[in-house]
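Observations on chain architecture
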Amino acid sequence: MIIGEMKEMLRDEYRETFARAESYGRISDLEEEYLEDCLADLGDLLYTAQEKGTPVEKLIGSNPEAFCRSYFSAFTVKDRVKHVCGTFFKDTWGLLVINLLLLVGDGLGGVDLWTIPTNWYTGWFLAFDVSFILFYNVLFSSVLRRVYFRIRHGEMIQTVGTICLVLLSLFLGQRFRDVLSEVPALLVVILSGGYILLYLLVVGHSNYRRTGHLFDPERKQRRSAR
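Overview of the structure. Since we're looking at a predicted model, the values are computed, not measured. (Residues numbered from 1 in each chain as written. Predicted model: local features only at pLDDT ≥ 70, side-chain atom pairs only at ≥ 80, totals over all residues. Heavy atoms only, no water.)

According to the stated counting rule, one finds three salt bridges in the structure shown. Across the pair Glu22 and Arg26 runs a salt bridge, and its minimum N-O distance is 3.4 Å. Taken together, the positions of Glu22 and Arg26, both in helix H2 (residues 12–27) and four residues apart, correspond to about one turn of that helix. Overall, the relative accessible area of 12% leaves Glu22 in the buried class. With its nearest N and O atoms 3.4 Å apart, the salt bridge here joins Glu65 to Arg69. Of this pair, Glu65 and Arg69 both sit in helix H5 (residues 64–71), four residues apart, which is roughly one turn of that helix. Here Arg69 falls in the partly exposed class, since its relative accessible area comes to 46%. (Salt bridge = Lys/Arg side-chain N within 4 Å of Asp/Glu carboxyl O. Helix = DSSP H or I, 4+ residues; strand = E, 2+ residues; numbered from the N terminus. Buried < 20%, exposed > 50% of the residue type's maximum accessible area, 1.4 Å probe, protein only.)

Glancing now at the nonpolar core. Counting 21 residues, the largest nonpolar core has Phe18 and Phe72 as the members making the most contacts within it. Those elements that place two or more of their residues in this core are H2, helix H3 (32–52) and H5. With eight residues, the top contributor of residues to this core is H3. (Core = buried A, V, L, I, M, F, W, Y, C linked by side-chain atoms within 4.5 Å.)

Turning our attention to the packing of H2 against H3. For the pair H2 and H3, the least separation of the axes is 10 Å and the interaxial angle reads 165°. Here H3 runs roughly antiparallel to H2, going by the angle between their axes. Taken as a pair, H2 and H3 cross one another with a handedness that is right-handed. Facing Tyr14, Thr17, Phe18, Ala21, Glu22, Gly25 and Arg26 of H2, the residues of H3 in contact are Glu32, Leu35, Leu39, Leu42, Gly43, Leu46, Ala49 and Gln50. A class-by-class count of the residues in the contact of H2 with H3 yields eight nonpolar, four polar and three charged. (Axes fitted to C-alpha atoms, helices over the stretch in contact; angles between N-to-C directions. Parallel < 35°, antiparallel > 145°, perpendicular 65-115°, else oblique. Left-handed = near helix turned anticlockwise from the far one by under 90°. Contact = heavy atoms within 4.5 Å. Nonpolar A, V, L, I, M, F, W, Y, C, P; charged D, E, K, R; others polar.)

So, about H2. Given a rise of 1.5 Å per residue, 16 residues ought to cover 22 Å, and the 23 Å separating the end C-alpha atoms of H2 matches this to within 8%. By the burial criterion, the buried members of H2 are Tyr14, Thr17, Phe18, Ala21, Glu22, Ser23, Tyr24, Gly25 and Ile27. (Expected span 1.5 Å × (residues − 1).)

Here it is in structure tokens:
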């Protein structure tokens with residue numbers, strides 16, 4: 001069931017509990033599929049309790065923060081590293097394609113491939129992506145989820161903080177793009193292509209050990225069930 005539809009089925013304290021757990025999960029920057037699975041299970045529990053008239057406190061106890069921390073605790077540091085690597089994997093495709101086009105376009109004229117520089121986009125992208133992942137995942141998200149239940153307007157603070165981090169990352173991208181854009185396009189292709197290949201090999205090996213398949217069949221089933 002879609003998370004929005006599930007939230008509409010809940011009322012009063014049950015909806016408030018679900019909304020706070022959802023906000024806590026998103027502030028924690030959990031992997032989207034893991035978060036949706038957790039929220040779906042929590043929604044079922046809350047809806048069942050609502051229909052039976054069971055108080056929320058009997059499900060989550062008297063400390064919502066402790067409950068959320070425990071409920072999402074299966075997402076470990078190892079999972080967070082995989083999540084960050086997966087995010088960078090998706091973004092790296094843009095670097096690979098753009099620099100391949102540069103090599104094809106300029107290389108057809110007989111130019112030495114190592115002398116073809118990358119463009120400003122590559123420099124800006126690297127500076128922006130790395131700085132945003134560093135500031136949001138490592139600093140902002142870690143701090144905010146620890147104080148979320150102790151402050152008012154946590155969602156608004158998250159929104160404002162995210163905007164500020166985007167602006168900071170844009171500033172850093174602008175500052176360092178000229179320096180990074182001097183890197184040869186061929187080197188960017190080798191590094192980005194190598195990272196993509198390595199990521200696919202690691203994920204494929206992990207899936208094969210766990211399921212006997214290079215591609216996770218359970219993930220496809222979960223996506224089709226939504």
